[in-house]
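Fold and contact review
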Amino acid sequence: MDSIRSLLPKVLRKRGLHAHAEASLVVHRSTLWIREQLPALAADIHVEKLQDATLIIRCKNSVAAQECQMLASKLKTYLEQECGITVKEVCIMRA
């Protein structure tokens, strides 16, 4: 009998939803990580989406953008270790 961990990716691939599910996981985990690392600025930072291995983050002010930029490499490492998904670039934009 297959476990849910091995069965779910097969079903998602069959239905064409695997990439969407991975992108959603990356956005969710990134949001949680940012809240943990930058609690004072978490309200000003919104992880928008993962598109073509690029994580897009919008910040309300330049302080939040600068702090995100400083932690971008750590975030990419965390996502690769935690989700097994390689993020090639983190694009930080002002909202």
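Everything here concerns the structure above.
All values derive from a computational prediction rather than experimental measurement. (Residues numbered from 1 in each chain as written. Predicted model: local features only at pLDDT ≥ 70, side-chain atom pairs only at ≥ 80, totals over all residues. Heavy atoms only, no water.)

Quick word on the environment of Ile34
Counting through the fold element by element, Ile34 comes out in helix α2 (residues 18-37). Since its relative accessible area comes to 5%, Ile34 is described here as buried. For Ile34, the residues in contact, after removing those within four places along its chain, are Pro39, Ile45, Val47 and Ile57. (Helix = DSSP H or I, 4+ residues; strand = E, 2+ residues; numbered from the N terminus. Buried < 20%, exposed > 50% of the residue type's maximum accessible area, 1.4 Å probe, protein only. Contact = heavy atoms within 4.5 Å.)

Things to note about the sheet that holds strand β2 (residues 54-59)
Strand order across the open sheet formed by 3 strands is β1-β2-β3, with mixed pairing between neighbours. Lying at the two open borders of the sheet, with one neighbouring strand each, are β1 (45-51) and β3 (89-94). Put simply, the sheet's adjacent strands are angled 20° from each other on average, direction ignored. By the bridge criterion, 6 bridges tie β2 to β3 in an arrangement that is parallel. Residue pairing for β3: Arg58 is matched across the bridge by Met93. Sheet contacts for α2: β1 and β2; angle to β1, the most-contacted strand, approximately 155°. The strands touched by helix α3 (residues 62-83) within the sheet are β1, β2 and β3, with β3 carrying the most contacts at an inclination of about 165°. (Pairing = 2+ DSSP bridges. Axes fitted to C-alpha atoms, helices over the stretch in contact; angles between N-to-C directions.)

Let's talk about the nonpolar core
Residues Ile45, Leu55, Ile57 and Cys59 are the most contacted members of the largest nonpolar core, which totals 25 residues. Those elements that provide at least two residues to this core are α2, β1, β2, α3 and β3. Looking at this core, the element that brings in the most residues is α3, giving 8 residues. Filtering out sequence-adjacent residues up to four positions away, Ile45 remains in contact with Ile34, Leu38, Ile57, Arg58, Cys59, Ala64 and Cys68. (Core = buried A, V, L, I, M, F, W, Y, C linked by side-chain atoms within 4.5 Å.)

Observations concerning the pattern of salt bridges
All chains considered together, the criterion is met by 2 salt bridges. Measuring nitrogen to oxygen at the nearest pair gives 3.3 Å for the salt bridge that ties Arg29 to Glu82. Of the two residues, Arg29 is situated in helix α2 and Glu82 in helix α3; the sequence distance between them amounts to 53 residues. Of the residues examined, Glu82 reaches a relative accessible area of 43% and is grouped as partly exposed. In this structure, Glu48 and Arg58 form a salt bridge, with 2.7 Å as the shortest nitrogen-oxygen distance. In this pair, Glu48 sits in strand β1 while Arg58 sits in strand β2, placing the two residues 10 residues apart along the sequence. In this structure Glu48 comes out as partly exposed when scored by relative accessible area, which is 31%. (Salt bridge = Lys/Arg side-chain N within 4 Å of Asp/Glu carboxyl O.)

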